[in-house]
Amino acid sequence: SQIKMVEFVNISGRAKDCPKDNRPEFAILGWSNVGKSSLINVLVQKNQVALTSKKQGKTQLINHFLVNKSWYIVDLSGYGFARASDAARTDWSSYTKGYFLKRDILVAVLLLIDASVPPQRIDLDCSNWLGRYNIPMTFVFTKCDKMKASKGKRPDENIRDFQELIRENYKQHPPWIMTSSVTALGREELLLHISQLRNY
Ligand code: GDP
């Protein structure tokens, strides 16, 4: 389940422009600062991959990275989220929704959630939206190494709170994995999880 090679292959604006080779894909979704670039670097290790710059002006992009010539990581960097004022609302554009709803080859969305902070509205809205449309998803909790701030809760407590808040929206709770880019916690588990879903 190791990542030996990653190639950047395609930027699309919408689902219909995505690769048509039917290789399975995993979309990575996460609010900025959640630790997405750090986690991807830990996953691919020495394989330097030129992930798209965060400063890229246009956010309506779907970036495909081909892994080991067999499956895709799809970077939906800040894709379609309401970034500034109204972060409380999952304001996805029709393109974003189109990708999730029309992309048959999408195996699962890996939703990155910062475990060092209490549950965030945007993450709850996002997981509830995906849940409503039965889009398979895995919660990938980041920054699980972080000590609690003086008045804060520990990562495992924040995770428990998050799970509690989404509970009623799911018949079956989505799989979830605790990770840290500092200690590489969860790296093997996440890679194994992906390979199991691919072979399912
Ligand atoms: P992105 O915007 O989602 O790509 O987030 P980055 O990967 O750039 O990380 C945002 C900030 O969080 C940086 O200051 C990182 O050093 C920090 N960070 C990311 N992952 C971890 C982690 O697992 N543990 C800790 N303690 N800090 C992290």
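These figures come from a predicted structure and were not determined experimentally.

The rules behind the values
Within every chain, residues take consecutive numbers counted from 1 along the sequence as written. This being a predicted model, a pLDDT of at least 70 is required before a residue's local features are given, and a value of 80 or more before pairs of side-chain atoms are given or counted; all residues contribute to the totals for chains, interfaces and linings. Think of it this way: any DSSP run of H or I at least four residues long counts as a helix, any run of E at least two long counts as a strand, and we number them from the N terminus. Comment: burial labels come from other C-beta atoms within 10 Å of the residue's own C-beta, placed from the backbone, where a count of 20 or more is buried, 12 or fewer is exposed, and between is partly exposed. Residues are defined as contacting one another if the C-beta atoms placed from their backbone atoms lie within 7 Å. For two strands to pair, DSSP has to find at least two bridges joining them. An axis is simply a line fitted to the C-alpha atoms; with a helix, the fit covers only the stretch in contact. Between two such axes, the angle follows the N-to-C directions and lies from 0 to 180 degrees. Whether a residue is near a molecule or strand depends on its C-beta atom, placed from the backbone, lying within 6 Å of it. For this classification, Asp, Glu, Lys and Arg are treated as charged, while Ala, Val, Leu, Ile, Met, Phe, Trp, Tyr, Cys and Pro are nonpolar and the rest, including Gly, are polar. A score between 0 and 100, pLDDT records how confident the predictor is in each residue. Of all possible arcs, the one meant is that of the directions from the helix axis to the C-beta atoms. A set of buried Ala, Val, Leu, Ile, Met, Phe, Trp, Tyr and Cys residues, joined to one another through C-beta atoms within 7 Å, is what we call a nonpolar core.

Before going further, it helps to spend a moment on the overall build of the protein. Regarding its fold elements, the protein presents five helices and seven strands. For the protein, the succession of helices and strands along the chain, N to C, is β-β-α-β-β-α-β-α-β-α-β-α. Here the protein holds 200 residues, and 31% of them are scored as buried. Long-range contacts, defined as pairs at least 24 residues apart, comprise 76% of the intrachain contacts of the protein with a sequence gap of at least 6.

Okay, the environment of Arg 14 next. Structurally, the position occupied by Arg 14 is in the loop between strand E1 (6–12) and strand E2 (25–29). Separated by 123 residues in sequence, Arg 14 and Met 137 have C-alpha atoms that sit 20 Å apart.

Attention now moves to the sheet that holds strand E3 (residues 62–67). Ordered in space as E1-E3-E4-E2-E5-E6-E7, the seven strands form an open sheet in which the pairing is mixed. In this open sheet, the two edge strands, each paired with only one partner strand, are E1 and strand E7 (176–178). Neighbour-to-neighbour, the strand axes of the sheet open up by a mean angle of 25°, direction not taken into account. Bridge analysis of E2 against strand E5 (residues 106–114) gives five bridges, and the strand direction is parallel. For Ala 27, the partnering residue across the bridge sits in E5 and is Val 109. Most of the contacts of helix H3 (residues 121–132) go to E5, to which it runs at about 165°, and overall it touches E2, E5 and strand E6 (137–142).

We now examine the environment of Lys 20. Relative to the elements of secondary structure, Lys 20 occurs in the loop between E1 and E2. By the C-beta count within 10 Å, which is 8 here, Lys 20 ends up exposed. A C-alpha to C-alpha distance of 30 Å links Lys 20 and Ile 113, two positions 93 residues apart in sequence.

Contacts to the ligand come from 15 residues, most closely from Gly 35, Lys 36, Ser 37, Ser 38 and Ser 181. Among the residues forming the shell around the ligand, the class breakdown is two nonpolar, nine polar and four charged.

In this section: the confidence of the model for the protein. Reading fine detail from the predicted coordinates is not recommended where pLDDT is low. Looking at the protein, the pLDDT average stands at 84 and 83% of residues meet or exceed 70. Low pLDDT, under 50, characterises residues 80–89; the stretch is placed with 17 contacts to residues that sit more than four places away or in other chains. For this predicted complex, the interface score ipTM comes out at 0.99, while the overall pTM is 0.89.

Bringing helix H1 (residues 36–44) into the picture now. Here H1 has its buried residues at Lys 36, Leu 39 and Leu 43. What you see down the axis of H1 is that its buried residues fit within an arc of 65°, all on one side. Residues of H1 that are buried make contact with E2, E5, E6 and helix H5 (187–198). Of the residues trailing H1, Gln 45 is marked for its positive phi of about 50°.

Right, let's talk about the nonpolar core for a bit. Ranked by internal contacts, the top residues of the largest apolar core, which has 36 residues, are Phe 26, Ala 27, Ile 28, Leu 29, Leu 110, Leu 111 and Leu 112. Broken down by element, this core gets its largest block of residues, seven residues, from E5. Setting aside anything within four residues of it in sequence, one finds Leu 110 in contact with Phe 26, Ala 27, Ile 28, Leu 29, Thr 138 and Val 140.

So, on to unusual backbone geometry. We note that Asn 33 has phi near 80°; this positive angle belongs to a residue other than glycine. Relative to the helices and strands, Asn 33 resides in the loop between E2 and H1. Overall, the presence of 12 C-beta atoms within 10 Å leaves Asn 33 in the exposed class. With a phi angle near 50°, Asn 68 is a residue other than glycine that sits in the positive phi range. Relative to the assigned elements, Asn 68 resides in the loop between E3 and strand E4 (71–75).

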